[in-house]
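Notes for the structure review
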Amino acid sequence: MYRIGDDKIAKQNYSVARVVTHNREDIGKFERHIERKNDTYANMNVDLSQSHRNIQFKKCDCTYNDKLNEMVESKQVSLRGLKADAKVYDEMIFDVNTDYFESHGGYDFAKKFYEQAFHFAEKEMGSEYILSAVMHADEINLAASDKYGYPVYHYHLHIVALPVVQKEIKWSKHCKDKALVGTVKEIVNQVSHSKKWKSEQIVDEGGNKMLVPSYSLLQDKFFEYMQNAGFDDFVRGEKGSTRENLSVLQYQISKDEERLKDIQKKIEIIEPAQIEYKKIDEIGKRTFTGKVQMSSDDYDKLTNLAKEAISSRADIQYYKTLMYGMQRQIDDLQYKFDKLRKICRPYVEAIRIAPEKVKKFIDDILVKAREKAKAEKVKEEIPYPPIRRKPKYKSKEDFER
């Protein structure tokens, strides 16, 4: 919960889903990083003493290249037509900023979150084509550790998979049976990154055709899948954000630079106070009798500081009381906001998917409601007809009088 003056407040939480491609030659060094086969790492934040906490949702019992060779030999996949340096491995990286996990339960929450993310990857890539899935829980986040006051680790998921699509192999014109030419000879599971991640054409609400990059669609799908699975309190990663393409080392460098700036700001605030403390310590000289001698200027300075400190106590107590009262109001508003957000989530999602349809639906409801209210108002304004009393008929005796 939010606390005034608390520097542990997280910024907006963003989800990131990105894909890095590898060929058979360079996959080895990335495999050693993902599977933690090295003794040292370029990323200095890797804490090997915590590597036992990494979670293997799917483990590759041999090297990635050996596994690929096995799958090719068993005709589970095909590399037909690919060059030797073709990108045959897709490394999917799923991530949300550290504060999101730390504020929701830390390590245990991250395990549940990334287990669900692994199931998303199975759905997108095919479980049989995923070679490895590892949640890293051994990379310390120095900035977060400083804020929280204890070691905080950055949780993220690495998935190595083969980009496989079904490809139809047709009979060529050289076939002896001319009736078979152009017909499907066989269907193979072809490894092809370009076909797996082909951009899709969609039609927006206005009927306009749009070409959406495949990685952008992956971000959308991942966000929607996790939201539907019950994981909320984060938003989709920014479209076109360059931070999605930073390597782990670059990301850590950028975070360390931010951390350094924060430290420098704190030094600028603390340094003048330290100078004043030193001047106060140097005031006066102690005599052999134990008494302290000082100039009249130093004496005046000390007495003024003491008076300021005493008068400040009342101000501090006032602001503390004010802060606690505001905190209670904030907690109450936060509770109401969370409750309202859960109620409105289906409507917000519907507006995002089909804004025109939702607008029309709501407008129709409002029109009917206004018409009903107007009819009721008119009904209230119509005066009731006057009460007519039954005429009193005179008797025969009355006429005779």
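The coordinates are above.
Here's what I pulled together on the structure shown here. Predicted model only: the values in this text are computed from it and were never measured.

1. Section: the pattern of salt bridges
- Applying the stated rule across the entire model yields ten salt bridges.
- One salt bridge in this structure joins Lys359 and Asp363, with 3.2 Å as the shortest N-O distance. Placement of the pair is Lys359 and Asp363 together in helix H10 (residues 355-381), with a separation of four residues, close to one helical turn.
- For the salt bridge of Lys360 with Asp364, the shortest nitrogen-to-oxygen distance reads 3.4 Å. With a gap of four residues between them, Lys360 and Asp364 both fall in helix H10, about one helical turn apart.
- For Asp364, a relative accessible area of 35% gives the class partly exposed.
- Three or more residues are tied together by salt bridges with common partners; here these are Arg36, Asp138 and Glu139.

2. Regarding helix H1 (residues 27-34)
- Ile27, Glu31, His33 and Ile34 are the residues of H1 that are buried. One face of H1 carries all of its buried residues, which in axial projection span an arc of 160°.
- Check the buried side of H1 and you find it contacts strand E1 (14-23), helix H2 (64-73), strand E3 (87-96), strand E4 (130-136) and strand E5 (156-161).
- Immediately downstream of H1, the backbone of Arg36 shows phi near 55°, a positive value.

3. What to know about the sheet that holds strand E2 (residues 55-58)
- With mixed pairing, the six strands of this open sheet are ordered in space as E2-E4-E5-E3-E1-E10. Of all the strands in the sheet, the pair left with one neighbour each is E2 and strand E10 (235-236).
- Of the strand pairs in this sheet, E3 and E5 are connected by six bridges, and their pairing is antiparallel. Directly across from Asp95, in E5, lies its bridge partner His156.

4. Some thoughts on H2
- Buried residues of H2: Tyr64, Leu68 and Met71, and no others. For H2, the arc enclosing every buried residue in end-on projection is 65°, short of the 170-degree limit, so these residues lie on one face.
- Contacts from the buried residues of H2 go to H1, E3, E4 and E5.
- Lys75 occupies a position one or two residues after H2 and carries a positive phi of about 60°.

5. Regarding the packing of aromatic side chains
- On inspection of all chains with the given rule, the structure shows 20 aromatic pairs.
- With centroids separated by 5.8 Å and ring planes inclined at 70°, the aromatic side chains of Tyr100 and Phe113 adopt a geometry described as edge-to-face. Pair noted here: Tyr100 is in helix H3 (residues 98-102) and Phe113 is in helix H4 (residues 107-125), with a separation of 13 residues, a long-range link.
- The class of Tyr100 is buried, set by a relative accessible area of 0%.
- Classification of Phe113 by relative accessible area gives buried; the value is 0%.

6. A look at the nonpolar core
- Counting residues in hydrophobic clusters, the biggest one holds 35 residues, and the most contacted among them are Phe94, Phe113 and Tyr114.
- Of all the secondary structure elements, the ones that give two or more residues to this core are E1, E3, H3, H4, E4, E5 and helix H7 (214-228).
- Of all the elements, H4 adds the most residues to this core, at ten residues.
- When sequence neighbours within four positions are dropped, the list of residues in contact with Phe94 reads Val16, Ala17, Tyr114, Phe120, Ala121, His156, Leu157, Ile159 and Phe222.
- Counting residues in hydrophobic clusters, the runner-up holds 17 residues, among them Val88, Tyr129, Val160 and Leu162.

7. Quick notes on a nonpolar patch on the surface
- A cluster of nonpolar side chains, contributed by Tyr318, Tyr319, Leu322 and Met326, occupies part of the molecular surface with about 430 Å² of accessible area.
- With respect to the helices and strands, the residue Leu322 is situated in helix H9 (residues 296-353).
- The exposure class of Leu322 is partly exposed, given its relative accessible area of 38%.

8. A short note on the environment of Phe101
- Tracing the backbone through its elements, the reader meets Phe101 in helix H3.
- The sequence separation of Phe101 and His154 amounts to 53 residues, and the corresponding C-alpha distance is 8.6 Å.
- When sequence neighbours within four positions are dropped, the list of residues in contact with Phe101 reads Val96, Gly106, Phe109, Ala110, Phe113, Tyr114 and Tyr155.

9. Concerning the pairing of E4
- Along E4, seven of the seven residues are buried, which leaves the element largely enclosed by surrounding structure.
- In the sheet, E2 pairs with E4 via three bridges, with the strands oriented antiparallel. Pairing of Gln56 across the sheet is with Val134, part of E4.
- As paired strands, E4 and E5 are joined by six bridges and run antiparallel to one another.

10. Notes on unusual backbone geometry
- For Arg36, which is not glycine, the phi dihedral falls at a positive 55°.
- Note on placement: Arg36 falls in the loop between H1 and E2.
- When its relative accessible area of 13% is taken as the criterion, Arg36 is described as buried.
- Here the phi dihedral of Lys75 falls at roughly 60°; this positive angle occurs in a residue that is not glycine.
- The exposure class of Lys75 is exposed, given its relative accessible area of 73%.

Calculation rules
Residues numbered from 1 in each chain as written. Predicted model: local features only at pLDDT ≥ 70, side-chain atom pairs only at ≥ 80, totals over all residues. Heavy atoms only, no water. Salt bridge = Lys/Arg side-chain N within 4 Å of Asp/Glu carboxyl O. Helix = DSSP H or I, 4+ residues; strand = E, 2+ residues; numbered from the N terminus. Buried < 20%, exposed > 50% of the residue type's maximum accessible area, 1.4 Å probe, protein only. Arc of directions from axis to C-beta. Contact = heavy atoms within 4.5 Å. Pairing = 2+ DSSP bridges. Phe/Tyr/Trp six-rings, centres within 6.5 Å; stacked < 30°, edge-to-face > 60°. Core = buried A, V, L, I, M, F, W, Y, C linked by side-chain atoms within 4.5 Å. Patch = residues over 30% accessible without salt bridge, like charges linked within 9 Å, V, L, I, M, F, W, Y side chains within 5 Å. Areas by Shrake-Rupley, 256 points an atom, 1.4 Å probe, with all protein chains shown as cover.

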